[in-house]
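For reference, the chains in residue letters:
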Amino acid sequence: MAAAAADPSVFLIFFTLFLSIFSSVSSKSLSVSSPSPLSSPSPKPSPVRAAPSTHSSSILDPKQLRALQSLNIPTGKDPCSPIHNSTTICDSSTPFRHIVSLKLINCSDDVALSLTALKSLSTVNTLGFVNCPISPIRFPSQLTSNLKSFTCISSLKKLTGVWLSRLQNVTDLTVSDVSITASGPSIILNSIKNLHTVTISHANLTGYLPKHWHPNLSYVDLSGNKLKGKIPTSLTELENLVFLNLSSNSLNGTIPTSFGDMSSLQNVSLASNSLSGSVPDSLAAIPGLVHLDLGSNQLNGTIPKFISDMKRLKYLNLERNNFHGILPFNASFIKKLAVLKVGENSNLCYNHSTLSSKVKLGIAPCDKHGLPMSPPASKDISSDDSDDSEDYADDESEHQQHSHGPSKVVLGIAIALSSIVFLIIFLILLAKCCK
């Protein structure tokens with residue numbers, strides 16, 4: 001009877017031992033699974049200490065200080081300190097420092113340009129307006145002659161070509177998202193003799209492209225306007241031109257056959273115009289071309305094979321034209337491109353023995369006569385991004401399953417072992433009770 005009475009206590013001891021073992025093993029198994037790299041908390045950044053302020057022996061010219069205050073520009077303790085002010089850059093002259101770069105950003109409604117303030121700021125050679133829809137005034141002559149860089153983005157209401165043409169010594173001109181009243185870009189560009197870079201985009205600019213261009217130009221962006229007419233051959237004389245964007249205008253005619261004379265070109269966009277004719281063979285003479293966008297025009301003929309020999313090309317858009325024949329690109333050329341768009345050329349097809357149908361080009365495979373076999377799907381190679389994202393999501397899901405896999409295995413083993421131990425203990429107690 002004494003042994004029988006002791007049996008329940010032994011049972012309780014073993015049952016308690018079982019619970020503690022199960023609890024310990026379960027907690028360890030849960031700690032085995034390592035968190036996904038994407039969900040792991042990033043280490044706390046070390047505190048960034050502000051650079052010590054270097055006090056110049058000279059201060060800002062009092063006249064220029066008052067000019068900044070009249071323009072509602074925060075001056076703080078030291079308007080020339082880059083730590084406290086990102087809108088002004090000053091020289092190191094003595095006894096007073098002078099502003100050489102000024103940028104007005106997000107101007108308030110009560111800001112107005114005054115002749116007195118601008119005369120005080122005649123030392124400025126870089127001037128910018130960003131989101132400052134205030135009325136322009138005629139700049140004083142000394143400020144105009146000193147300016148080398150002028151930027152106007154969504155600012156200065158009712159600009160005119162005559163007003164911009166007075167900035168005769170500017171080398172870098174940027175005017176964007178501003179309506180300009182002018183008979184054409186010539187009135188602006190022909191007056192600024194030392195221009196290196198020019199952007200006049202989305203400015204509602206009408207007229208024709210200039211017939212004369214300054215040879216020093218290396219960057220031209222006249223996109224998003226209402227320019228019409230042909231591309232003048234004089235443009236192709238710009239041997240130093242690296243960037244050319246004439247997209248989203250109403251240009252017509254053919255691409256000049258001498259286009260390849262611009263041997264320094266790296267980025268070309270003539271998209272969204274009404275250009276016709278074929279792609280000129282002279283483009284083969286541009287070795288450093290990286291970006292070529294001729295999409296959304298009326299270009300015809302076959303796509304030149306020399307394009308596949310452009311070793312640095314990464315972006316190619318020929319979609320929405322009238323090209324026909326067999327696409328002259330192989331798989332290795334297509335693979336090295338970041339973007340290829342050739343869709344919506346109804347008479348263009350690809351050699352299905354050379355290219356896999358998995359590459360979504362937006363055109364149909366060719367039949368034995370070199371004609372499209374079926375209507376093409378309206379997709380291009382850039383649409384593979386969605387497939388890639390789906391594959392990435394699948395890979396991520398699989399990765400998460402694998403990352404949690406070891407914890408489930410360990411947990412299952414722990415439960416199985418605990419069950420066996422419990423069963424053995426139960427059988428021993430049952431045997432003792434039955435004696």
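Residues numbered from 1 in each chain as written. Predicted model: local features only at pLDDT ≥ 70, side-chain atom pairs only at ≥ 80, totals over all residues. Heavy atoms only, no water.

1. Observations concerning the sheet that holds strand 6 (residues 149-153)
Sheet architecture is open: twelve strands sit in the order 2-4-5-6-8-10-12-14-16-18-20-22, paired in mixed fashion. The sheet terminates laterally at strand 2 (88-90) and strand 22 (339-341), the two strands that pair on one side only. Pairwise comparison of adjacent strand axes, ignoring direction, gives a mean angle of 5 degrees for this sheet. (Pairing = 2+ DSSP bridges. Helix = DSSP H or I, 4+ residues; strand = E, 2+ residues; numbered from the N terminus. Axes fitted to C-alpha atoms, helices over the stretch in contact; angles between N-to-C directions.)

2. Some thoughts on the state of the cysteines
Counted by the stated rule, this structure contains three disulfides. In this model Cys-80 forms its disulfide with Cys-90; the gap between the sulfur atoms is 2.1 Å. Because the sign of the S-S torsion sets the handedness, a value of about -85 degrees for the bond joining Cys-80 and Cys-90 places this disulfide among the left-handed ones. Taken together, the residues Cys-80 in the loop between helix 2 (62-70) and strand 2 and Cys-90 in strand 2 connect sequence positions ten residues apart. For Cys-80, a relative accessible area of 6% gives the class buried. The class of Cys-90 is buried, set by a relative accessible area of 12%. (Disulfide = S-S within 2.5 Å. Buried < 20%, exposed > 50% of the residue type's maximum accessible area, 1.4 Å probe, protein only.)

3. A closer look at unusual backbone geometry
Here the residue pair Thr-94 and Pro-95 is connected by a cis peptide bond, since its omega of 0 degrees sits within 30 degrees of zero. Residue Asp-177 is not a glycine yet carries a positive backbone phi of 55 degrees. Residue placement: Asp-177 occurs in the loop between strand 8 (172-176) and strand 9 (180-181). A positive phi angle is found at Ser-248, which is not glycine, with a value near 55 degrees. With respect to the helices and strands, the residue Ser-248 is situated in the loop between strand 14 (243-245) and strand 15 (250-254).

4. With respect to a nonpolar patch on the surface
Taken together, Ile-413, Leu-417, Ile-420, Ile-424 and Ile-428 make up a surface patch of nonpolar side chains, about 480 Å² in accessible area. Relative to the assigned elements, Leu-417 resides in helix 8 (residues 384-434). (Patch = residues over 30% accessible without salt bridge, like charges linked within 9 Å, V, L, I, M, F, W, Y side chains within 5 Å. Areas by Shrake-Rupley, 256 points an atom, 1.4 Å probe, with all protein chains shown as cover. Salt bridge = Lys/Arg side-chain N within 4 Å of Asp/Glu carboxyl O.)

5. Overview of the pairing of strand 15
Along strand 15, the buried face is formed by Leu-251 and Gly-253; none of Ser-250, Asn-252 and Thr-254, which line the opposite face, is buried. Looking at chain direction, strand 13 (residues 226-229) and strand 15 are connected through two bridges and run parallel. When the bridges of strand 15 are listed, Lys-228 appears paired with Ser-250. Bridging between strand 15 and strand 17 (residues 274-277) involves three bridges; their strand directions are parallel. Looking at strand 17, one finds that Thr-254 is bridged to Ser-276.

6. Comments concerning the environment of Asn-273
Within the fold, Asn-273 resides in the loop between strand 16 (267-269) and strand 17. For Asn-273 and Ser-250, which are 23 residues apart along the polypeptide, the C-alpha to C-alpha distance reads 5.1 Å. Once you skip the residues sitting within four places of it in the chain, Asn-273 turns out to touch Leu-246, Ser-247, Ser-248, Asn-249, Ser-250, Leu-251, Ser-296 and Asn-297. Polar side-chain contacts of Asn-273 include one of 3.1 Å to the backbone oxygen of Leu-246. Of the polar contacts made by the side chain of Asn-273, one reaches the backbone oxygen of Leu-270; its length is 3.1 Å. (Contact = heavy atoms within 4.5 Å. Polar contact = N/O pair within 3.5 Å; in protein donor to acceptor, adjacent residues only side chain to side chain.)

7. Regarding the pattern of salt bridges
In this structure the tally under the stated criterion is one salt bridge. Residues Glu-344 and Arg-320 are paired through a salt bridge, measuring 3.3 Å at the closest nitrogen-oxygen approach. Residue Glu-344 is located in the loop between strand 22 and strand 23 (347-350), and its partner Arg-320 is located in the loop between strand 20 (315-317) and strand 21 (322-326); the two are separated by 24 residues in the primary sequence. Since its relative accessible area comes to 46%, Glu-344 is described here as partly exposed. Residue Arg-320 is classed as partly exposed on the basis of its relative accessible area of 42%.

8. Re the side chain of Thr-199
Tracing the backbone shows Thr-199 in strand 10 (residues 197-201). Judged by relative accessible area, Thr-199 falls into the buried class, the value being 12%. Those residues within four positions of Thr-199 in sequence are excluded, and the remaining contacts are Leu-173, Thr-174, Val-175, Tyr-219 and Asp-221.

9. Digging into helix 2
Three or more residues of helix 2 are buried, namely Gln-64, Ala-67 and Leu-68. What you see down the axis of helix 2 is that its buried residues fit within an arc of 100 degrees, all on one side. Residues of helix 2 that are exposed and angled more than 90 degrees away from the buried face: Lys-63 and Arg-66. Where helix 2 is buried, its residues contact strand 1 (59-60), strand 2, strand 3 (96-97), strand 4 (99-105) and helix 3 (115-120). The opening residue of helix 2, the one whose side-chain oxygen lies 2.9 Å from the backbone nitrogen of Lys-63, is Asp-61. Once helix 2 finishes, Asn-72 follows within two positions and takes phi at roughly 60 degrees, a positive value. (Arc of directions from axis to C-beta.)

10. A word on the side chain of Ser-149
Note that Ser-149 resides in strand 6. The contacts of Ser-149, once residues within four sequence positions are left out, are Asn-125, Thr-126, Leu-127, Val-170 and Asp-172.

11. Description of the packing of aromatic side chains
Where two aromatic rings form a pair, the distance of their centres and the angle of their planes describe that pair. Taken as a whole and judged by the stated rule, the model has six aromatic pairs. Aromatic pair Phe-139 and Trp-163: ring centres 5.0 Å apart, planes at 75 degrees, arrangement edge-to-face. Of this pair, Phe-139 sits in the loop between strand 5 (126-130) and helix 4 (141-146) while Trp-163 sits in helix 5 (residues 161-165), and the two are 24 residues apart along the sequence. Trp-163 carries the same exposure label as Phe-139, and that label is buried. Summarising the aromatic geometry, the rings of Phe-329 and Phe-333 are spaced 4.7 Å apart at their centres and angled 45 degrees between planes, so their arrangement reads as tilted. Counting every residue linked through ring pairs, the aromatic cluster contains Phe-129, Phe-139, Phe-150 and Trp-163. (Phe/Tyr/Trp six-rings, centres within 6.5 Å; stacked < 30°, edge-to-face > 60°.)

12. Points about the nonpolar core
Formed by 92 residues in total, the largest nonpolar core has its most connected members in Phe-129, Phe-139, Phe-150, Leu-173, Leu-316 and Leu-327. Here this core gets three residues from one element, more than from any other, and that element is strand 4. Not counting residues within four places of it along the chain, the set of residues in contact with Phe-139 comprises Leu-118, Leu-127, Phe-129, Thr-144, Leu-147, Phe-150, Trp-163 and Leu-167. (Core = buried A, V, L, I, M, F, W, Y, C linked by side-chain atoms within 4.5 Å.)

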